[in-house]
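Below, each chain spelled out in residue letters.
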Amino acid sequence: MPTPSGDTFLYNILQPEVHEQEHITLPFHHSPNQIELEPLRPSFQDPDLSEPSRHISQVKTEEQKTDTRPGSSSRRLPQPISIAIPDGEDARALTSPSNFDLDSADFPMGRKSQKPSLPEPDRPSSTSSGGQSRQANGNMDSHLEMRRKHPSLESPTAASQTAHLMSRESFTLDNEPPQTPITPNPNSSFFDLPRQDRRNFLLLVLLYFLQGIPMGLASGSVPFLLKQHLSYGQIGVFTLASYPYSLKLLWSPIVDAVWSPKMGRRKSWIMPIQVCSGIGMIYLGGRVKEMMVAAGASDGSGVWSFTWWWFFLVFLCATQDIAVDGWALTLLSPQNLSYASTAQTVGLTAGHFLSYTVFLAFNSPDFANRWFRSTPSTEGVMTLGGYLTFWGWGYLLVTIGLAILKKEDKTKERDGILEVYKSMLGVLKLRNIQSIIIIHLIAKIGFQANDAVTNLKLIDKGFSQEDMALTVLIDFPFEISLGYYAGRWSTSNPPIHVWCWAFIGRLVAACLAQLVVMIFPAEGVQPWYLFTVIASHIFSTFTSTVMFVAISAFHAKIADPAIGGTYMTLLATVSNLGGTFPRFFILKFVDYFTVATCHPPTSPPLEKDLKGALITSSFNCVAEAEKHRCIDGGGTCDISRDGYYITNVVCVIVGVVTFVVYIRPAALKLQALPLRAWRLGSGDRS
């Protein structure tokens, strides 16, 4: 576009493949008879020049003459121009043909390609050099196009120029950057997306849904089933099974770099992993009942072997998640990338809901006896072994359909494993990446006690498994719908702003959850209390979902597509790690701060009422096995100090302080950075 005092000259990029948007704009201010060139960038200068910003001024032009040779068409030819250059060594360098010849390697303009336009009465004329066709530009009166070797700094895919930009002494992330303009997504709903994006969106939902099946069991249902055998600290050992999701960064470069051209970059990993997952779930389904019994044996020491089996299954899901995250960056159009986080939220939530809520309800004997049986039974309609076997075969069927029905776009991009690890190391060296890692590692401490312990504490107080399943069942439609709208909010609003508001709401939800546990009725669950638990659960889930979708949308916007799988995995890994690594310690702290004593019965109970040896002396009953021994022997386990309340209060205080002092200011500053600040230079990629 024209500058206030003159025309703008565009320079084409000299590359084997010229992209339309890879231009750099330099203003040339001139009057009809004089052109003054502003200081050129160092990349345009000869390296021998000691002052690359020296002005080249006072370019005098002569009247253009008309070629009147016989047989030639009447045309205007540009005449030589005289340039006033300061005396001295710099002048000789500038006038050297190797440094200032338009036909040299730096400016390979053929003279035949120069077709000047007719001067207009009210504006000076300017010349234009054509592209590959060597024809005049259609907008010759306002632009001069010249090719050069280096790609534009404005191109997000120009790795060498990104490195050049970041190597400048003036480049810094310490100063307050200007606000980045927020471009709203024109597609406001799923049905406004292009047809191909809609189909790919549904494919992503399916793949994320399959990942949610074992994850819902490992993080939801299985801890509830283990609660009758293990204490909070021992259940904390089982939470280590979810660590692969937080450690997948260690092998994500392998997933990004090693693949088969015949199968496709992402399908090379997704299909074999789903086959292994299906076989593993079928195998585990036939033996899980005996494994759970062994986990509670010897005061819970058997939980380690049971944990390792689930660790392997979650490891496969985490590896698949790396490939799916990278595929999402190419399956959806660039302007609709925020829907990748929506697909992840909907898919994972649906899979988690099925393995947590639906399974927990149908696994409950009380629920099954009330609604599906005329003769009571001690088992539910659905067992853990049968559920694992069913979805193991489901994995295999989906893999066959994916192999037949979906073809992945071919790509020639291939980086060695070492190169991908170097790229990951380059990402970790970015100061803004280091800042977001710190934010992710401390951001979820404030609500860890609520996420990890509240539901288990309700079950411990007498909230039935059936009521818990009903609570999550009612919560599910809200979670799905709010996840969809959270994706839209993150598209039309700055995602970090949405994330900060959800952060505050999640701290409030942690306080409300503790209040709900404290007012548990002594006479048992009443309708009003069930409604209170459901409302508290919906609010907690709402804030958690919005927070997750918002930060996922921010990750999708800043990720470098050149190493999409590794970049997205790094960001997702540190986010998951912030919610995973404190959980083990939180559950240990609950047991540590709890004081519980088993008191023997005041009068000897009837022998038929005893399920174990009669309790004759007091002892500590914090551990679940000791608690069961106390109750079975006719004793009473009295909790004089509940470690859950202390742990939750400490977590909330830490969350408030860190949010106000560091998390919010740092996150808003990161959001204001331009996209090029999140890209790697060529030196970091190689």
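Each value, and the rule that gives it
Residues numbered from 1 in each chain as written. Predicted model: local features only at pLDDT ≥ 70, side-chain atom pairs only at ≥ 80, totals over all residues. Heavy atoms only, no water. UniProt positions renumbered as here; feature names shortened; annotations may be inferred. Helix = DSSP H or I, 4+ residues; strand = E, 2+ residues; numbered from the N terminus. Buried < 20%, exposed > 50% of the residue type's maximum accessible area, 1.4 Å probe, protein only. Contact = heavy atoms within 4.5 Å. Arc of directions from axis to C-beta. Core = buried A, V, L, I, M, F, W, Y, C linked by side-chain atoms within 4.5 Å. Phe/Tyr/Trp six-rings, centres within 6.5 Å; stacked < 30°, edge-to-face > 60°. Lys NZ or Arg CZ within 6 Å of the ring centre and 35° of its normal. Salt bridge = Lys/Arg side-chain N within 4 Å of Asp/Glu carboxyl O. Patch = residues over 30% accessible without salt bridge, like charges linked within 9 Å, V, L, I, M, F, W, Y side chains within 5 Å. Areas by Shrake-Rupley, 256 points an atom, 1.4 Å probe, with all protein chains shown as cover. Pairing = 2+ DSSP bridges. pLDDT = per-residue confidence, 0-100. Axes fitted to C-alpha atoms, helices over the stretch in contact; angles between N-to-C directions. Parallel < 35°, antiparallel > 145°, perpendicular 65-115°, else oblique. Left-handed = near helix turned anticlockwise from the far one by under 90°. Nonpolar A, V, L, I, M, F, W, Y, C, P; charged D, E, K, R; others polar. Disulfide = S-S within 2.5 Å.

The chain appears in an unreviewed UniProt entry as Acetyl-coenzyme A transporter 1 from Imshaugia aleurites. Of the chain, the UniProt comment under Subcellular location (unreviewed entry) reads exactly: "Membrane".

Caption draft 1: Spatial organisation of the overall build of the chain. Tallying secondary structure elements over the chain gives 23 helices and 11 strands in all. Within the chain, the proportion of its 686 residues that are buried is 49%. Pairs at least 24 residues apart make up 75% of the contacts formed inside the chain by residues separated by at least 6 positions.

Caption draft 2: Focus on helix α21 (residues 624-632). Buried residues of α21: E624, K627 and C630, and no others. Along the axis of α21, the buried residues cluster in a sector spanning 120°; they form a single face. G634 occupies a position one or two residues after α21 and carries a positive phi of about 85°.

Caption draft 3: Quick look at the nonpolar core. F306, W310, L384, I433, W499 and F503 are the most contacted members of the largest nonpolar core, which has 136 residues in total. It is helix α4 (residues 195-226) that contributes the most residues to this core, 16 residues altogether. Apart from residues lying up to four places away in sequence, F306 is in contact with V222, L226, F238, V288, M291, M292 and A295. Grouped together as the second largest cluster of nonpolar side chains are seven residues, A596, C598, C621 and C630 included.

Caption draft 4: Geometry of the packing of aromatic side chains. For the structure shown, the criterion picks out 24 aromatic pairs. Geometrically, the ring pair formed by W251 and F315 is tilted, given 4.8 Å between the ring centres and 50° between the ring planes. Within this pair, whereas W251 is found in the loop between α6 (244-247) and α7 (252-257), its partner F315 is found in helix α10 (residues 303-331), the two being separated by 64 residues in sequence. Clustering of aromatic rings is evident, with ring pairs tying together F447, W499, F503 and F659. Across the ring face of F619, the terminal group of R629 is positioned such that the distance to the ring centre comes to 4.1 Å.

Caption draft 5: Local environment of the pattern of salt bridges. Tallied over the entire structure, the rule returns seven salt bridges. The salt bridge involving D460 is made with K627; its shortest N-O contact spans 2.5 Å. Placement of D460 in helix α16 (residues 448-461) and of K627 in helix α21 is noted, with a sequence separation of 167 residues between them. Residue classification places K627 among the buried positions, given a relative accessible area of 18%.

Caption draft 6: Broad picture of a nonpolar patch on the surface. A surface patch of nonpolar side chains, amounting to about 700 Å² of accessible area, comprises I438, V649, I653, V656, V657, V660, V661 and Y662. For the nonpolar patch, the element with the highest residue contribution is helix α22 (residues 643-671), accounting for seven residues. Relative to the assigned elements, V657 resides in helix α22.

Caption draft 7: View of the environment of T345. Note that T345 resides in helix α11 (residues 338-363). It is 7.9 Å that separates the C-alpha atoms of T345 and I480, two residues lying 135 residues apart in sequence.

Caption draft 8: View of the sheet that holds strand β11 (residues 636-641). Strand order in the open sheet made by the three strands is β10-β9-β11, with antiparallel pairing throughout. Both edges of this open sheet fall to β10 (619-620) and β11, since each of them pairs with a single strand only.

Caption draft 9: Local environment of the pairing of strand β9 (residues 595-599). The alternating pattern of β9 places A596 and C598 on a buried face, while none of V595, T597 and H599, on the opposite face, is buried. In terms of strand pairing, β9 meets β11 through five bridges, oriented antiparallel. Note that in β11 the partner of C598 across the bridge is C637. Bridge count between β9 and β10: two bridges; the pairing is antiparallel.

Caption draft 10: The confidence of the model for the chain, seen in detail. Chain-level statistics for the chain give a pLDDT mean of 74 and a share of 70% at 70 or above. Highest mean pLDDT in the chain belongs to α22 (95); lowest belongs to strand β1 (residues 8-13) (33). Across residues 1-158, where pLDDT falls below 50, the model places 228 contacts with residues more than four positions away in sequence or in other chains.

Caption draft 11: A look at the packing of α16 against α22. Where α16 meets α22, the closest approach of the two axes is 11 Å, and the angle between their N-to-C directions is 160°. Taken together, the axis directions place α16 and α22 in an arrangement best described as roughly antiparallel. As for the relative orientation of α16 and α22, their crossing is left-handed in sense. On the side of α16, the interface is formed by A449, N450, V453, T454, K457 and K461, while α22 contributes Y644, Y645, T647, N648 and C651. Considered class by class, the residues forming the contact of α16 with α22 number five nonpolar, four polar and two charged.

Caption draft 12: Molecular detail of the side chain of T454. With respect to the secondary-structure elements, T454 resides in helix α16. The class for T454 is buried, based on a relative accessible area of 6%. Not counting the four nearest positions on each side in its chain, T454 is found in contact with A449, A513, V517 and Y644.

Caption draft 13: Here's a closer look at the state of the cysteines. Throughout the structure, instances matching the rule amount to two disulfides. Here C598 is linked by a disulfide to C630, with a sulfur-sulfur distance of 1.9 Å. Linking C598 and C630, the disulfide has an S-S dihedral of approximately 90° and is accordingly described as right-handed. Note that C598 is positioned in strand β9 and C630 in helix α21, a separation of 32 residues in sequence. Look at C630 and you get buried, because its relative accessible area is 0%. At a sulfur-sulfur separation of 2.0 Å, the disulfide partner of C621 is C637. Judged by the sign of its S-S torsion, about 90°, the bond between C621 and C637 is right-handed. A residue pair is termed long-range when its members are at least 10 positions apart, and C621 in the loop between β10 and α21 and C637 in strand β11 qualify at 16 residues. What makes C621 buried here is its relative accessible area of 2%. Taken in sequence order, the bonded cysteines of the chain link in the pattern 1-3, 2-4.

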